[in-house]
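So you can see what is in the structure, the chains are spelled out below.
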Amino acid sequence: MKVRAVVAAGALVLAAPTSAVAVWGGTPDGDDHPSVGGMFYDFDGSGTISGDELGCSGSYAGTHGDHDVFLTAGHCLPPPEFDIPPEALNVSFDPDLRDGVASPIQAQEYHVMPGFGHDRGDLKDLGVLLLPSGSVDAAFDSPPPVQLPPEGHLDDLKRDGELKFRTVEVVGYGVTPVWEGAGPTTFEYDGIRQAGTSIITGLRPANVLYNQNPNGIGTGSGVCFGDSGSPQLDVGTLTVMSVTSGGNRHCNAHNYNYRVDTPTAREFLGQFIALP
């Protein structure tokens, strides 16, 4: 969710693996969403990637020029002052990280949406990792790439009365919040890609609002730390409605995720991903 991924990954390292789920309220995804992957940091420079080095989630968005493209959130990528080289970032689409991370792919470049974090009304929270061309197909049996919607797609759905309470699929590797018991919210991590559903409750110029109140309306699923960058998919399709961006520190109540159908988002993404 809304933390720099270096911090998010540190939180995952500190969380003891348990039998808890990731996308909270979800179920193990298995092979249902092979285009959703994880982004990992080689913290110790060993060249070996483990499941507890997860920083964020994201999705395979096809090939552009000489690169495969991994779509994620801008806040998942290192700030310039960290001076982290691209090869320290790795991507895998392994659905179960408990026995190691299968076929990690080193990034060749990463790019953050210009203006990220400067305006709270529009955080410009998108980022991409560029991987070697053909590397995703070769390592993970050609997963189908996610698709961007047409410009203004969510505005059109709202105008037609088809947006509010629309169900989306949420998929990611993040932690599960534990609200029961005394004291602050704690978090558990098991390294399994999980899937669930959530419901759209509102639309803003840069964000989509989703219900994640386990006691309110909705389908009982939500996203948390480590799910940042994951896509929200229109049910039964590969169309990305938004990318996981932020919410409150307890991973409940409303969650706001970044739109990919606005002119500003498309101007950035169009450099790396085919636009409809």
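Up top is the structure.
The notes below deal with the structure included here. (Residues numbered from 1 in each chain as written. Predicted model: local features only at pLDDT ≥ 70, side-chain atom pairs only at ≥ 80, totals over all residues. Heavy atoms only, no water.)

### Digging into the overall build of the chain
In terms of regular secondary structure, the chain is built from four helices and 16 strands. Out of the 276 residues belonging to the chain, those deemed buried represent 54%. Pairs at least 24 apart in sequence give 72% of the contacts found in the chain among residues at least 6 apart. When the accessible area of the chain is evaluated, it comes to approximately 11200 Å², of which 52% is carbon and sulfur surface. (Helix = DSSP H or I, 4+ residues; strand = E, 2+ residues; numbered from the N terminus. Buried < 20%, exposed > 50% of the residue type's maximum accessible area, 1.4 Å probe, protein only. Contact = heavy atoms within 4.5 Å. Areas by Shrake-Rupley, 256 points an atom, 1.4 Å probe, with all protein chains shown as cover.)

### Focus on the sheet that holds strand E8 (residues 127-132)
Strand order in the open sheet made by the seven strands is E6-E5-E2-E3-E4-E8-E7, with antiparallel pairing throughout. Looking at the sheet topology across the chains shown, the edges are occupied by strand E6 (105-106) and strand E7 (109-112). Across four bridges, strand E3 (residues 54-64) lies against strand E4 (residues 67-72) in antiparallel orientation. Residue pairing for E4: Ser-59 is matched across the bridge by Leu-71. (Pairing = 2+ DSSP bridges.)

### Brief notes about empty space enclosed by the protein
In this approach a probe as big as a water molecule rolls over the atoms, and the regions it shows empty are the leftover space. This model, assessed by the stated rule, comprises one cavity of 30 Å³ or more. Of the voids in this model, the largest cavity is the one considered here, and its volume is about 40 Å³. Forming the boundary of the largest cavity are Val-170, Ser-198, Tyr-210, Gln-212, Ser-221, Gly-222, Val-223, Gln-232, Asn-255 and Asn-257. Those elements that provide at least two residues to the lining of the largest cavity are strand E13 (207-212) and strand E16 (253-259). Taken together, the residues of the lining of the largest cavity break down into three nonpolar, seven polar and no charged. (1 Å grid on protein atoms, 1.4 Å probe; cavity = no way out; pocket = protein on both sides within 12 Å on 5 of 7 lines; lining within 4 Å. Points joined across faces, edges and corners; volume = space filled by probe spheres on them. Nonpolar A, V, L, I, M, F, W, Y, C, P; charged D, E, K, R; others polar.)

### A short note on the state of the cysteines
Within the structure shown, the criterion is met by one disulfide. One disulfide bridge connects Cys-56 with Cys-76, the sulfur atoms lying 2.2 Å from each other. Its S-S torsion of approximately -90 degrees makes the covalent link between Cys-56 and Cys-76 left-handed. With Cys-56 in strand E3 and Cys-76 in the loop between E4 and strand E5 (89-92), the pair connects residues that are 20 residues apart, well separated along the chain. Relative accessible area serves as the criterion here: at 1%, Cys-56 is assigned to the buried category. (Disulfide = S-S within 2.5 Å.)

### Considerations on the pairing of strand E9 (residues 167-172)
Taken across its six residues, E9 has five buried, putting it largely inside the fold. Across six bridges, E9 lies against strand E12 (residues 194-203) in antiparallel orientation. Bridge pairing in E12 places Gly-172 opposite Gln-194. Two elements, E9 and strand E14 (residues 231-234), share three bridges in a ladder whose sense is antiparallel. Across the sheet, residue Val-168 finds its bridge partner in E14, namely Asp-234.

### Some words on the pattern of salt bridges
For the structure on display, the rule yields nine salt bridges. Arg-266 is paired through a salt bridge with Glu-151; the nearest N and O atoms lie 3.6 Å apart. On the criterion of sequence distance, the pair formed by Arg-266 in helix H4 (residues 263-269) and Glu-151 in the loop between helix H2 (135-140) and helix H3 (153-159) is long-range, its members being 115 residues apart. Given a relative accessible area of 11%, Arg-266 falls into the buried group. Residue Glu-151 is classed as partly exposed on the basis of its relative accessible area, which comes to 46%. Connected through salt bridges with shared partners, the residues Asp-155, Arg-259 and Asp-261 form a single ionic network. (Salt bridge = Lys/Arg side-chain N within 4 Å of Asp/Glu carboxyl O.)

### A word on the pairing of E8
Burial analysis of E8 places five of its six residues in the buried class, the great majority of the element. For E4 and E8, the ladder comprises six bridges, and the chain directions are antiparallel. When the sheet's bridge partners are listed, Val-69 is paired in E8 with Leu-130. In this structure, E7 lies alongside E8, joined through four bridges in antiparallel fashion. From the neighbouring strand, Val-112 faces E8, where its bridge partner is Gly-127.

### Quick look at the packing of aromatic side chains
Throughout the structure, instances matching the rule amount to five aromatic pairs. An angle of 70 degrees between the planes, with centres 5.5 Å apart, marks the rings of Phe-93 and Phe-140 as edge-to-face. Linking Phe-93 in the loop between E5 and E6 with Phe-140 in helix H2, this pair joins segments that are 47 residues apart in sequence. Assessed through its relative accessible area of 3%, Phe-93 is described here as buried. (Phe/Tyr/Trp six-rings, centres within 6.5 Å; stacked < 30°, edge-to-face > 60°.)

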